[in-house]
Amino acid sequence: MPRRNILTDRQRAVFFDLPTDQAALLRHYTLADDDLEIIRARRRSHNRFGFALQLCALRYPGRLLAPGEVIPEAVTRFLAAQLGLGPDDLADYAAREETRREHLAALREVYGYKMFTGRGSRDLKVWLEDAAETARSNEDLARCFVEQCRATQTILPGITVIERLCADALVAAERRVEARISGRLDNEMGNRLDALLTEDAGGSVTRFVWLRQFEVGQNSADIGRLLDRLEFLQALALGRGILADVPSHRVTRLRRQGERYFAGDLRDISGERRLAILAVCAVEWRSAIADAVVETHDRIVGKTWREAKSRCEARADDAKAALKETLQAFSTLGSALLEAHEDQAPLDEAVLNAGGWSSLKGLVATAAQLTDTLAADPLAHVVHGYHRFRRYSPRMLRLLDIQAAPVAVPLLEAAGIIARAETKVTLPLTFLRRGSKWQRHLNADDVDGQRLWEVAVLFHLREAFRSGDIWLTHSRRFGDLKDALVPAEVARTTPRLAMPFEPEAWLADRKARMSDALRRLARAAKAGAIPGGSIEDGVLKIDRLTAAVPEEAEAVVLDLYGRLPGIRITDLLLEVDDDIGFTEAFTHLRTGVPCTDRVGLLNVLLAEGLNLGLSKMAGATNSHDYFQLSRLSRWHVESEAMARALAMVIEGQSSLPMARFWGAGDTASSDGQFFPTTRQGEAMNLINAKYGHEPGLKAYTHVSDQFGPFATQTIPATVNEAPYILDGLLMTDAGQKIREQYADTGGFTDHVFAVTALLGFQFIPRIRDLPSKRLYLFDPAACPKELKGLIGGKVKEPLITSNWPDILRSAATMVAGAMPPSQLLRKFAAYPRQHELAVALREIGRVERTLFIIDWLLDADMQRRAQIGLNKGEAHHALKNALRIGRQGEIRDRTTEGQHFRMAGLNLLAAIIIYWNTKHLGNAVTQRQHDGLDCPAELLAHISPLGWAHILLTGEYRWPKR
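Keep in mind that this is a model prediction, so the values were computed, not measured. (Residues numbered from 1 in each chain as written. Predicted model: local features only at pLDDT ≥ 70, side-chain atom pairs only at ≥ 80, totals over all residues. Heavy atoms only, no water.)

Caption draft 1: Geometry of the overall build of the protein chain. A count of helical and extended segments in the protein chain gives 42 helices and 13 strands. With the C-alpha coordinates of the protein chain rotated into their principal frame, the extents come out at 135 × 80 × 60 Å. Relative to its 962 residues, the protein chain shows a buried fraction of 52%. As displayed, the protein chain offers around 44000 Å² of accessible surface, 50% of which is attributable to carbon and sulfur atoms. Side chains of the protein chain carry 124 positive and 122 negative charges; the gap between the two charge centres is 3 Å. (Helix = DSSP H or I, 4+ residues; strand = E, 2+ residues; numbered from the N terminus. Buried < 20%, exposed > 50% of the residue type's maximum accessible area, 1.4 Å probe, protein only. Areas by Shrake-Rupley, 256 points an atom, 1.4 Å probe, with all protein chains shown as cover. Lys, Arg positive; Asp, Glu negative; His and termini not counted. Charge placed at Lys NZ, Arg CZ, Asp CG, Glu CD.)

What follows is the structure, given as structure tokens:
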């Protein structure tokens, strides 16, 4: 039977190699007193040594020693020291094969180890079949199997046996899942699903391909096309019950396979698997398309609002000339009236001389009209968007399965009127907030009252979706917030939470800390001892922080980079992969086996990182054509694989000796980098005034103090960056090690302050307008007089206390990964009428922000750390700008997935270069020391691994033949 390879050589070594690092030796190979007593029962030194070595190998990694196996020197020295022997005493062991077998039999009898045979092996195979269904990867299943063998003291079989058993179990689990899904389909439904692969949807594409071609749109035509697909999928009447008891990662894998197969290839697949893929895609796409409909509606509302604002501004601009003339006429009239009054002349004559009463009447009318024009708000013009809403909104509201919280029931009822296209004399306004500006416009508009009312409902619908007051069933993006929050019992057992479970304990601690902080700040203000600032007459003044880089640092940097060898980017990628094997993260989407075409995969990653695209890369490389690269990209490159590869590179870079000069990997900064796109940004809501009128996207990246970019996300250029800070911290292993998180002004909100404190992160933003920020106290009346001018209000303690359980649930939900933290924070911040939980989080954030501001003002070292951290993050922008050489630096991909791959590929390529630079800078330091030159640690801390002048990035990408 041919060998089933599901692991790489590196992965096999992890499972079977004897440990060599000191921590692992201490953990696994430290002998207890009873072990030593049993070992010393052997008469000769080499037998004692060999017996101990076999015992340790059985404990970890849990296998037998192979005949003639070379034992690592670190292992022999470690055991020899415990046994009072010399490392060379092992040389004569097992000169007789019988001795080894006798020792193995004794070890099995004394310690209870058993071979992988008989009932024990059958039990393990049964266990393996069950575990295979929930295993997320081949390596994951193999690791679980090895750990189960160790736990049951079963000696590991050969690695080829393990791979075969795991491969068979994975295939069987896959078939069981496929059979389970297809078995829940009746014949009629199976035929309807199969018809998707043959039915023509127009444009020379099958119905199946047509269904999967959807993206968030920008106008009513786009949302109409989305609704066509949603209506078709709903007509299939395929319930989500067919996915019951199917692990979520298997659902995701089947969906991804469906999104990569061509219809013809899918027709050739066996019946159960084909039907399972089709059914999963139909169910999952229905939810995804519904989310895309809501997101497109959100964009259309945004576009309508911007157009209304533009109309307002245009009318105000048009009125400027008339305003000037009107003011001049009133000035002339006023001067004439005042002159007549002083001369005690008749006022009628003065009015007549200034133009007459009819002219005055016209001026008053013009002034009234100008007043209305200048006082108008955009709501007066949103009704112009009615026709675009009318094209899709009734159909959208009928197709979407919208649910509402009690507070949003009036809004849902109003939406029902639009869905049914009813015309009512009295339109309900109960969905509006008290004092809403919409009330005034709706009451004043008799002509377009119905239309303006419908626009108001659709505007409020967007805000309610954003806040979570209304939701879609079975939606990831717009699901029910209550279902997403973990239970209170789970929150209490979440180890990451850094807050007590009783609000009184937290309040008492914060009151004590705030009282002490206020006293310290008041003393410093009175003595003029605030570092880099002062408080004068209740006004805070801050000086700019000066740089503190030693003059000698520049010379050391130039010397070290001068010692780096020049290298092609292709050779650099191969070297780094030889070191850490990051290409092993890119497994086949179907089989889970790591990609065997390493050079082809590196071509794909290079095409993504350099923003070239596969067609350009195919023309520039000497190894693969476009179709080969396309196949590798389609079946091996996905978001999770990119994240795994990045984590491997980051972990490898942080373990290099040079990285320790830059930090311990426990602080990080985050910042967004703008990338231009070529699509219609105004229509896509992708224009941010900060970056001019050029449409684009942002890559929001977290960078550790060791320069490793351990997380990146693609976000719209228009959104606030603050909600995304916690994504990078909680959803990556490197992020969870962070102790201090730095961010610029864009990353600062009270909600972020609250959640970072709840989860034990020290959040240190650089607040640009810090003097304008107010302090919130528990007892403002007791505030020292020197600080009275800085007080903004009182903390609402009852609100925090009453919502404390849900506050902890929200934080625990973010830790559990049930919902991305950014999604939860955006819901909290979305609606002007925020629910109590959002307001309670804001109050906690105000407390934490107040404590932070005081600490910041009094701690110059904190200010310096934040400045250094943010500089490291911003320095990444220059490297990434140099790397995105293709397509004039523009992100031209039209799909969200394609844009994400561009950003993720760029970040991965940057991390690989940083690894290589870190490694060779360390070698350069060693060379410099050998040359008798100083390399003090305080100077090495100012070197960065972000240089690229020594790397050949352009030209032909030629790979060595191996």
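Caption draft 2: Summary view of the packing of aromatic side chains. Within this structure, the stated rule accounts for 16 aromatic pairs. Relative to Phe145, the ring of Phe116 has its centre 6.0 Å away and its plane inclined at 85 degrees; by these criteria the two rings are edge-to-face. Taken together, the residues span a long stretch of sequence, with Phe116 in the loop between α6 (97-111) and α7 (118-134) and Phe145 in helix α8 (residues 138-151) at a distance of 29 residues. A centroid spacing of 5.3 Å and a plane angle of 40 degrees characterise the contact between Phe208 and Trp285, whose relative ring orientation is tilted. Of this pair, Phe208 sits in helix α11 (residues 207-212) while Trp285 sits in helix α15 (residues 271-343), and the two are 77 residues apart along the sequence. We classify Phe208 as buried; its relative accessible area is 1%. (Phe/Tyr/Trp six-rings, centres within 6.5 Å; stacked < 30°, edge-to-face > 60°.)

Caption draft 3: Expanded view of helix α39 (residues 836-858). Compared with the 33 Å implied by 1.5 Å per residue over 23 residues, the 33 Å span of α39 between its first and last C-alpha is a close match. The buried count for α39 comes to 19 of 23 residues, which makes it a mostly enclosed element. (Expected span 1.5 Å × (residues − 1).)

Caption draft 4: Geometry of the side chain of Arg255. With respect to the helices and strands, Arg255 occurs in helix α13 (residues 248-260). Separated by 2.8 Å, the side chains of Arg255 and Glu259 make a polar contact. Dropping the residues within four chain positions of it, Arg255 is found in contact with Phe214, Val280, Cys281, Glu284, Trp285, Ala288 and Arg476. (Polar contact = N/O pair within 3.5 Å; in protein donor to acceptor, adjacent residues only side chain to side chain. Contact = heavy atoms within 4.5 Å.)

Caption draft 5: View of helix α28 (residues 598-609). With 12 residues, α28 ought to run about 16 Å at 1.5 Å a step, and its terminal C-alpha atoms sit 16 Å apart, in line with that. For α28, the full list of buried residues reads Gly600, Leu601, Leu602, Asn603, Val604, Leu605, Leu606, Ala607, Glu608 and Gly609. For α28, the elements touching its buried residues are α27 (569-580), α29 (614-620), α30 (626-636), α31 (639-654), α40 (860-883) and α41 (896-930).

Caption draft 6: Focus on the pattern of salt bridges. Under the counting rule described, the total for this entry stands at 59 salt bridges. For the salt bridge of Arg273 with Glu178, the shortest nitrogen-to-oxygen distance reads 3.5 Å. One end of the pair, Arg273, is in helix α15; the other, Glu178, is in helix α9 (residues 159-183), with 95 residues separating them in the sequence. Exposure class is identical for Arg273 and Glu178. Each is buried. A salt bridge links Glu231 to Arg395; its shortest N-O distance comes to 2.8 Å. Placement of the pair is Glu231 in helix α12 (residues 220-236) and Arg395 in helix α19 (residues 393-399), with a sequence separation of 164 residues. Put simply, Asp666, Arg739, Glu740, Asp861 and Arg865 are held in one network by salt bridges that share partners. (Salt bridge = Lys/Arg side-chain N within 4 Å of Asp/Glu carboxyl O.)

Caption draft 7: Representation of the environment of Phe214 in the model. Within the element layout of this structure, Phe214 appears in the loop between α11 and α12. With 74 residues separating them along the chain, Phe214 and Ala288 place their C-alpha atoms 9.1 Å apart. Excluding residues that lie within four positions of it along the chain, Phe214 makes contacts with Leu226, Arg229, Arg255, Trp285, Ala288 and Ile289.

Caption draft 8: Spotlight on the side chain of Glu163. Within the fold, Glu163 resides in helix α9. Taking relative accessible area as the criterion, Glu163 reaches 0% and is therefore assigned buried. A distance of 3.0 Å separates a polar side-chain atom of Glu163 from the backbone nitrogen of Leu7.

Caption draft 9: Focus on the environment of Ala308. Within the element layout of this structure, Ala308 appears in helix α15. Judged by relative accessible area, Ala308 falls into the buried class, the value being 0%. It is 41 Å that separates the C-alpha atoms of Ala308 and Ala237, two residues lying 71 residues apart in sequence. Excluding residues that lie within four positions of it along the chain, Ala308 makes contacts with Pro378, His381 and Val382.

Caption draft 10: Seen up close, the confidence of the model for the protein chain. Confidence in the prediction for the protein chain averages 87 pLDDT; 94% of positions are at 70 or higher. Low pLDDT (under 50) marks residues 680-685, which in the prediction has 17 contacts with non-local residues, meaning those over four places away or in another chain. (pLDDT = per-residue confidence, 0-100.)

Caption draft 11: Inspection of the pairing of strand β7 (residues 696-704) at higher detail. Within β7, 9 of the 9 residues are buried, which leaves the element mostly enclosed by the surrounding structure. Going residue by residue along β7, you find Gly696, Lys698, Tyr700, His702 and Ser704 tucked away on one face and Leu697, Ala699, Thr701 and Val703 tucked away on the opposite face as well. Bridge count for strand β6 (residues 667-676) against β7 is 9 bridges, and the pairing is antiparallel. Opposite Asp671, over in β7, you have Thr701 as the bridge partner. The pairing of β7 with strand β8 (residues 709-716) spans 7 bridges and is classified as antiparallel. By the bridge assignment for β8, Thr701 is matched with Thr712. The turn linking β7 back onto β8 is made up of 4 residues, and Phe707 within it adopts a positive phi angle of 75 degrees. (Pairing = 2+ DSSP bridges.)

Caption draft 12: Structural detail: the sheet that holds β7. Read across the sheet, 5 strands follow the order β8-β7-β6-β9-β10 without closing on themselves; strand pairing throughout is mixed. At either margin of the open sheet sits one strand with a lone partner, and together these are β8 and β10 (762-765). Going across the sheet, the axis of each strand differs from the next one's by a mean of 25 degrees, ignoring polarity. As defined by bridge partners, strand β9 (residues 740-743) adjoins β10 across 4 bridges and the pair is classed as parallel. Residue pairing across strands places Gln741 opposite Phe763, the latter belonging to β10. Together, β6, β7, β8, β9 and β10 form the strand contacts of α40, whose direction differs from that of β6 by roughly 35 degrees. (Axes fitted to C-alpha atoms, helices over the stretch in contact; angles between N-to-C directions.)

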